[in-house]
Amino acid sequence: MRAIRRAVRGGLTFRLTLILLIAAALGMTVMGLYITRALETYSTENLKSGLVKEARLVQDDIASALRKDPSLESGQALAERYGDRLKVRVTIIAPDGTVRGDSERTVREVRKMENHAARPEVAAALAGAISSDLRQSQTLNVAMLYIAVPLNDGQRATGALRLALPMTELAAVSASIRTSVAIGALLAAGVALLVGLFLSRRVTRPVVEMQAIATRMAAGDFSHRVPVTGTDEIAELGRGLNVLASRLQEKIQALEGERAKVATILAEVRRLEQVRTEFVANVSHELRTPLTVIKGYLETLLDEAPDQPETHRRFLEVAYTHTARLSRLVDDLLELSNLETGKAVLKLSAVDVHGAADEIVAMFEKKAAHKKLVMRNETPTGLLARADRDRLSQVLVNLVDNAVKYTPEGGTVTIDGARRPDQFVAVWVIDTGSGIPSSDLPRLTERFYRIDKARSRELGGTGLGLAIVKHLVQAHGGELVIESDLGKGTKVSFTLAPS
């Protein structure tokens, strides 16, 4: 018991011992089941063979007696006589299946017994074959082994002789076999437990020592080393652990001096990032109200069409245009702030990418036709991605809008997509514009970054579109890639999770 308690506390020792014990128990169980089944089968077959021999020894005598006196009383007397002699249940059956005698019944009871022609072994015997069956007796309500042999008068079947033996004796033998096998299995399990404890302790002792050293290392104590002997795998593991401890001790000493600097820098970066995010949010909220009021008044002036010179109206239209642009800027800033702070909630579902692209093509069809651009949707039908439908449309609108703006007349804007080997869905927008210098590509997704600031403002951009696109794609768990060649065009692609 003391050894078992030590094994349980030993962790790995206990698990190895338990595995060995379980393996031994499983092996003994399988072997016991096989042996028990084999012995039971052998006993049953041996019992059948004995009954057949006994039946064949008396079948001629019974057939001869029935030829002399075929009455029910004669059949019953024969059944009782041979049943008492053979110590089994004897049933004599006429060719039509009628019971003519049964050693376990009286004459009156025999007359009431049902026809046996349908019993499997009886049917086979009446057909001239020796047959057997093992089933529950409907008359005695116990498991019985039945053997039936034909009673012949020359070539003519005059009935069947059936011997029946209850399986209680065989059940007792089977129970004895199972008990013996179970005792053997318990003894084997005990031996396996003792051997397992002995072997597993020898195997796990070096591992336990290494665990203790590793625990000290995890706590920052690198002064201890694993005692190593031998050249096996565990010894090599110990040597590797010692080398690791030495190198870690050197690295930690070198990094201690840098840790304070890194911590200070990280704190400052986090503070500046927080200030930047809060600044965008605060400025956006402060500007929204006055801009909304200004926009409302300008809309009123335009709708009433005051009696003013044409110059006055043109100024109002310019002011309205700039007010609308400022409003879009505020909306984009708020959108970007929500994305960066995680306030934007995605409603993910299975989205038909081809259908979403069709809607975008239809949305820009008129604008593209004005510039004589060809708009194409070449995404495969049935391409599904897990995304927020509205946010996916927002990404495509930004990308297609940029493509249409910066593609000269007669060019082409294409939306395409495919399922990658890793099952992620890739979508891209390609244009035949003038392209983007390679030096500008890394900064395109920064806020307010423009390659040609004057032209960008003239076309109505806020400088935040690609920054919003990047954050929306990242919120979907994807990535944004921009590729461009000067004079050939630009390809902006992003990935979405599969549906």
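A brief look at the structure comes next. (Residues numbered from 1 in each chain as written. Predicted model: local features only at pLDDT ≥ 70, side-chain atom pairs only at ≥ 80, totals over all residues. Heavy atoms only, no water.)

Our next topic: the overall build of the protein chain. The secondary structure content of the protein chain amounts to twelve helices and twelve strands. Here the protein chain holds 499 residues, and 36% of them are scored as buried. Restricting to contacts in the protein chain with at least 6 residues of sequence separation, those with at least 24 account for 64%. Of the roughly 29,300 Å² that the protein chain leaves accessible, carbon and sulfur atoms contribute 57%. (Helix = DSSP H or I, 4+ residues; strand = E, 2+ residues; numbered from the N terminus. Buried < 20%, exposed > 50% of the residue type's maximum accessible area, 1.4 Å probe, protein only. Contact = heavy atoms within 4.5 Å. Areas by Shrake-Rupley, 256 points an atom, 1.4 Å probe, with all protein chains shown as cover.)

Moving on to the sheet that holds strand β3 (residues 131-136). To summarise the sheet geometry, strands pair through backbone hydrogen bonds and adopt either a parallel or an antiparallel arrangement. Overall, antiparallel pairing links the five strands, which are arranged β2-β1-β5-β4-β3 in an open sheet. For this open sheet the edge positions go to β2 (99-102) and β3, each flanked by a neighbour on one side alone. On average, each strand axis in the sheet is inclined to that of its neighbour by 20 degrees, with strand direction left out of account. Pairing analysis gives ten bridges linking strand β4 (residues 143-153) to strand β5 (residues 156-166), with the strands arranged antiparallel. Bridge pairing links Leu151 to Gly159 in β5. (Pairing = 2+ DSSP bridges. Axes fitted to C-alpha atoms, helices over the stretch in contact; angles between N-to-C directions.)

Applying the stated criterion across every chain, the model contains twelve salt bridges. Residues Arg89 and Asp102 are paired through a salt bridge, measuring 2.8 Å at the closest nitrogen-oxygen approach. Of this pair, Arg89 sits in strand β1 (residues 89-93) while Asp102 sits in strand β2, and the two are 13 residues apart along the sequence. In terms of burial, Arg89 and Asp102 fall into one category: buried. Overlapping salt bridges, with partners in common, bring together Glu121, Asp133, Arg135 and Arg162 in one network. (Salt bridge = Lys/Arg side-chain N within 4 Å of Asp/Glu carboxyl O.)

According to the relative accessible area criterion, Arg89 is buried, its value standing at 4%. At a separation of 2.8 Å, a polar atom in the side chain of Arg89 contacts the side chain of Asp102. (Polar contact = N/O pair within 3.5 Å; in protein donor to acceptor, adjacent residues only side chain to side chain.)

Formed by 44 residues in total, the largest nonpolar core has its most connected members in Met375, Leu396, Leu399, Val400, Ile415, Val429 and Phe494. Among residues more than four places away in sequence, those in contact with Ile415 are Ala357, Ile360, Val361, Arg376, Asn377, Glu378, Thr379, Leu396, Val400, Val427, Trp428 and Val429. Core analysis: the second largest hydrophobic core is formed by 21 residues, Val58, Leu86, Leu145 and Ile147 among them. (Core = buried A, V, L, I, M, F, W, Y, C linked by side-chain atoms within 4.5 Å.)

In total, this model carries zero aromatic pairs according to the counting rule given. Over the face of the ring belonging to Trp428 we find Lys491, whose NZ or CZ atom lies 4.7 Å from the ring centre. (Phe/Tyr/Trp six-rings, centres within 6.5 Å; stacked < 30°, edge-to-face > 60°. Lys NZ or Arg CZ within 6 Å of the ring centre and 35° of its normal.)

Helix α12 (residues 465-475) packs onto helix α10 (residues 389-405) with a crossing angle of 145 degrees between their chain directions and a minimal axis gap of 10 Å. Where α10 crosses over α12, the two elements pack in a sense that is left-handed. Contact residues: α10 offers Arg391, Gln394, Val395, Asn398, Leu399 and Asn402, while α12 offers Gly465, Leu466, Ile468, Val469, Leu472 and Val473. (Left-handed = near helix turned anticlockwise from the far one by under 90°.)

The next point concerns the pairing of strand β9 (residues 412-419). Burial analysis of β9 places six of its eight residues in the buried class, the great majority of the element. With four bridges connecting them, strand β7 (residues 374-377) and β9 associate as parallel partners. For Arg376, the partnering residue across the bridge sits in β9 and is Thr414. As judged from the seven bridges shared by β9 and strand β10 (residues 425-431), these two strands associate in the antiparallel manner. Considered in β10, the bridge of Thr414 is made with Ile430. Here β9 hands over to β10 after five residues, with Gln423 in that stretch at a positive phi of 75 degrees.

Before going further, it helps to spend a moment on helix α9 (residues 353-370). Look at α9: 26 Å from first C-alpha to last across 18 residues, which is about the 26 Å you get at 1.5 Å a residue. At Phe364, α9 shows its largest bend, some 50 degrees. Within the sequence span of α9, burial applies to Val353, His354, Ala356, Ala357, Ile360, Val361, Phe364 and Ala368. Here the buried face of α9 lies against β6 (348-352), β7, β8 (384-388), α10, β9 and β10. By the N-cap criterion, in which a side-chain oxygen at the helix start approaches the backbone nitrogen of a residue two or three places on, α9 is capped by Asp352, the distance to His354 being 3.2 Å. A positive backbone phi angle near 60 degrees is found at Lys372, which sits one or two residues after α9. (Expected span 1.5 Å × (residues − 1). Bend = angle between axes of the 7 residues up to and from the residue.)

Coordinates in, geometry out; function isn't part of it.
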